[in-house]
There are 2 protein chains.
Amino acid sequence: MAGMSLDPQIAARLKRGADGLVPAIVQQYDTGEVLMLAWMDDEALHRTLTTGRATYWSRSRGEYWVKGATSGHAQHVKSVALDCDGDTVLLKVDQVGAACHTGDRTCFDADELLP
Amino acid sequence: MAGMSLDPQIAARLKRGADGLVPAIVQQYDTGEVLMLAWMDDEALHRTLTTGRATYWSRSRGEYWVKGATSGHAQHVKSVALDCDGDTVLLKVDQVGAACHTGDRTCFDADELLP
């Protein structure tokens, strides 16, 4: 049925890892902050494109994960792009509250290696 | 010998994939543009931290890759951070010229899926 799975023209360009996933870089659309990295399979990308809510595959829990469904810290999708190799997604979102489960705004705030 | 491999305190926090690699998000430090995603093992991260030149593991060529070594499009490292899970690196760099091998400024310029 139309609309039930990822557009075949997009699916044909996706280069998935051995686990069937591609990394998704998540960026705050207006400030440019990199918020987090998550993982998508075809279905997660399809849901993200069609619902406007960032949806990932949780490798630790083995299930789809609508960001903010439990925390309220939703990501409203502004744009989605594939990279030149088709093996990475860049998601620009409007993040509600903290992106990180620790309560930090981004997942990269706590562990600076350099400088 | 000291300084010959990745700091053990950093190595202990790194959570590598089955292939021994972690994804590295590469961002232009002043504009916030996400330039590309590449892959690092411990040695690539060590070289990046100690040389100030972004260095990756090329999965396609099976070798270390100093960004710009052949193209001249070097990445001068401004900061490096690990995420909350220790499984992703965020590299802020000053990119010389185009980041993408296609000649585009970033690897995400050519294939917008949404809007």
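Residues numbered from 1 in each chain as written. Chains lettered and ligands numbered in written order. Predicted model: local features only at pLDDT ≥ 70, side-chain atom pairs only at ≥ 80, totals over all residues. Heavy atoms only, no water.

**Student:** Hey, could you go over the side chain of A:Thr48 for me, with residue numbers and the actual values?
**Tutor:** Residue and element names in this part refer to chain A. On the secondary structure map, threonine 48 appears in helix H2 (residues 42-51). Assessed through its relative accessible area of 0%, threonine 48 is described here as buried. The residues touching threonine 48, leaving out its near neighbours within four places in the chain, are Met40, Arg53, Ala54, Thr55, Val77 and Leu91. (Helix = DSSP H or I, 4+ residues; strand = E, 2+ residues; numbered from the N terminus. Buried < 20%, exposed > 50% of the residue type's maximum accessible area, 1.4 Å probe, protein only. Contact = heavy atoms within 4.5 Å.)

**Student:** Quick rundown of the side chain of B:Thr106? Include the residues and the values.
**Tutor:** Residues and elements named next belong to chain B. In this structure, threonine 106 sits in the loop between strand E6 (89-95) and strand E7 (111-114). Among the polar contacts listed, one links the side chain of threonine 106 to the side chain of aspartate 109, at a separation of 2.8 Å. If we skip the residues at most four places from it in the chain, threonine 106 touches Glu33, Val34, Leu35 and Cys100. (Polar contact = N/O pair within 3.5 Å; in protein donor to acceptor, adjacent residues only side chain to side chain.)

**Student:** Could you give an account of the pattern of salt bridges, naming the residues involved and the relevant values?
**Tutor:** Inspection of the entire model under this criterion finds twelve salt bridges over all chains. A salt bridge links A:Arg47 to A:Glu43; its shortest N-O distance comes to 2.8 Å. Of this pair, A:Arg47 and A:Glu43 both sit in helix H2, four residues apart, which is roughly one turn of that helix. B:Asp42 is the partner of B:Arg16 in a salt bridge, and the nearest nitrogen-oxygen pair spans 2.6 Å. In this pair, B:Arg16 sits in the loop between helix H1 (8-11) and strand E1 (22-28) while B:Asp42 sits in helix H2 (residues 42-51), placing the two residues 26 residues apart along the sequence. (Salt bridge = Lys/Arg side-chain N within 4 Å of Asp/Glu carboxyl O.)

**Student:** Would you mind going over H2(A) in detail, with residue names and values included?
**Tutor:** Residue and element names in this part refer to chain A. When we look at burial in H2, the residues that qualify are Ala44, Leu45, His46, Thr48 and Leu49. The backbone nitrogen of glutamate 43 has a side-chain oxygen 3.2 Å away, supplied by the residue at the start of H2, namely aspartate 41. Glycine 52 sits one or two residues past H2 and shows a positive phi near 75°.

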